[in-house]
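# An overview of the molecular structure
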Amino acid sequence: MARKKIALIGSGQIGGTLAHLAGLKELGDIVLFDIAEGIPQGKALDIAESSPVDGFDAKLSGANGYEAIAGADVIIVTAGVPRKPGMSRDDLLSINLGVMEQVGAGIKQYAPNAFVICITNPLDAMVWALQKFSGLPANKVVGMAGVLDSARFRYFLAEALNVSVKDVHAMTLGGHGDDMVPLVRHSTVGGIPLPDLVKMGLLSQEKLDAIVERTRKGGGEIVALLKTGSAFYAPAASAIAMAESYLKDQKRILPVAAQLSGQYGLDGTYVGVPVVIGENGVERIFEIEFDEAEKAMFAKSVASVSGLIEACKQIKPSLA
Ligand SMILES: NC(=O)c1ccc[n+]([C@@H]2O[C@H](COP(=O)([O-])OP(=O)(O)OC[C@H]3O[C@@H](n4cnc5c(N)ncnc54)[C@H](O)[C@@H]3O)[C@@H](O)[C@H]2O)c1
Ligand SMILES: O=C(O)C[C@H](O)C(=O)O
């Protein structure tokens, strides 16, 4: 059986980490693409030289021309710029929208059958624009944010309770901004819902509230520490989980930015919701029944995403 082809558009911090993880997991042969000459080639060679040590078989190459992504099965997009301290993700909209236009054209021409995972920020608006620019079907174009936000939520809970991360299941929905929606009622530790843990005295309400707030601001916390860019290890791991579910038809239920067509009362917008990812891309969207407070939080988050999508339409009238 021929190996799968994974194309990484953007070979910066996340792109390089994606290539390394995809190699270690033997997901397929890997093409790194970037406008910066030498970077994708250098990272491809460096990772290839690690393969005898770690014992993985994958061909790695670097390129500066879109023809290199031809026939890719999976494309992960990180091209663009990250934020620096003092900036919001939304400040990246204008510059990264231009990048999405170029990337979308490249995908349309060379890899129209790929499953595309967008990571570039501001995530929900960028994946919305990328789907339009590329013209690929909506079930094949998704955004990575919810897996990362949920992983942060899970990690903070496991740390507070001094238990294994493996036994913490938690989900964060909505847009990838500070008003994202960590779902407390639907999250469990050892199968016990978080509100019950509070009732049982295992976690204080104050601590839980602080964890929710820290999750919402998780991206900014790393930006403030790194100073030169944003998180890349956990974002790369999160996108690889999505790619693996597609390539291996695992049918995992993951929170991803997906295009809605009536679910949650929304049509055409991209926002983080639980979906099944299998060989057909987004195979199903789960519609969670929210209580009044959750409904209000989700609506606020969606309103932020809608504002960014409107801004995209103003900048690029072809998207309207
Ligand atoms: N969705 C999420 O959860 C999440 C998490 C972390 C980072 N991000 C976002 O991912 C993006 C990438 O982050 P990073 O840390 O890898 O940044 P980075 O600066 O390390 O890498 C970005 C790369 O994109 C390349 N690039 C710029 N314009 C390009 C173009 N037109 N075509 C091809 N390549 C181009 C740059 O040369 C650079 O190598 C940022 O927008 C960041 O905000 C999103
Ligand atoms: O916060 C950022 O700018 C990067 C990313 O969206 C993150 O959540 O780590």
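Note that the coordinates shown come from a computational prediction; the quantities given were computed from them, not determined experimentally. (Residues numbered from 1 in each chain as written. Chains lettered and ligands numbered in written order. Predicted model: local features only at pLDDT ≥ 70, side-chain atom pairs only at ≥ 80, totals over all residues. Heavy atoms only, no water.)

Look at the UniProt record and you will see "binding site: NAD(+)" (unreviewed entry) annotated at Gly10, Ser11, Gly12, Gln13, Ile14, Gly15, Asp34, Asn96, Ile119, Thr120 and Asn121. Checked against the lining of the largest pocket, the annotated residues just named reduce to Gly10, Ser11, Gly12, Gln13, Ile14, Gly15, Asp34, Asn96, Ile119, Thr120 and Asn121. Looking at Ser11, the relative accessible area reads 0%, which means it is buried. In this view, Asn121 contacts Arg89, Leu92, Asn96, Met126 and His176; residues no more than four positions away in its chain are not counted. (UniProt positions renumbered as here; feature names shortened; annotations may be inferred. 1 Å grid on protein atoms, 1.4 Å probe; cavity = no way out; pocket = protein on both sides within 12 Å on 5 of 7 lines; lining within 4 Å. Buried < 20%, exposed > 50% of the residue type's maximum accessible area, 1.4 Å probe, protein only. Contact = heavy atoms within 4.5 Å.)

Turning next to helix H4 (residues 123-134). With twelve residues, H4 should reach 16 Å at 1.5 Å per residue; the first-to-last C-alpha distance of 16 Å fits that figure. The buried count for H4 comes to eleven of twelve residues, which makes it a mostly enclosed element. Inspection of H4 places Leu123, Asp124, Ala125, Met126, Val127, Trp128, Ala129, Leu130, Gln131, Phe133 and Ser134 among the buried residues, and these make up the whole buried set. Phi for Gly135, located one or two positions after H4, is positive at around 75 degrees. (Helix = DSSP H or I, 4+ residues; strand = E, 2+ residues; numbered from the N terminus. Expected span 1.5 Å × (residues − 1).)

Our next topic: the site of ligand 2. Every residue near ligand 2 is listed here: Arg83, Arg89, Asn121, Leu148, Arg152, His176, Gly219, Ser230 and Ala231. Within the side chain of Arg89, an N or O atom sits 2.8 Å from an oxygen atom of ligand 2. A distance of 2.6 Å is found between an oxygen atom of ligand 2 and a side-chain nitrogen or oxygen belonging to His176. Look at ligand 2: alone it shows 260 Å² of surface, and the protein chains cover 95% of it. Taking a 2 Å distance to the grid points as the criterion, the majority of the atoms of ligand 2 fall inside the largest pocket. (Near = heavy atom within 4 Å. Polar contact = N/O pair within 3.5 Å; in protein donor to acceptor, adjacent residues only side chain to side chain. Areas by Shrake-Rupley, 256 points an atom, 1.4 Å probe, with all protein chains shown as cover. Sits in = over half its atoms within 2 Å of the grid points.)

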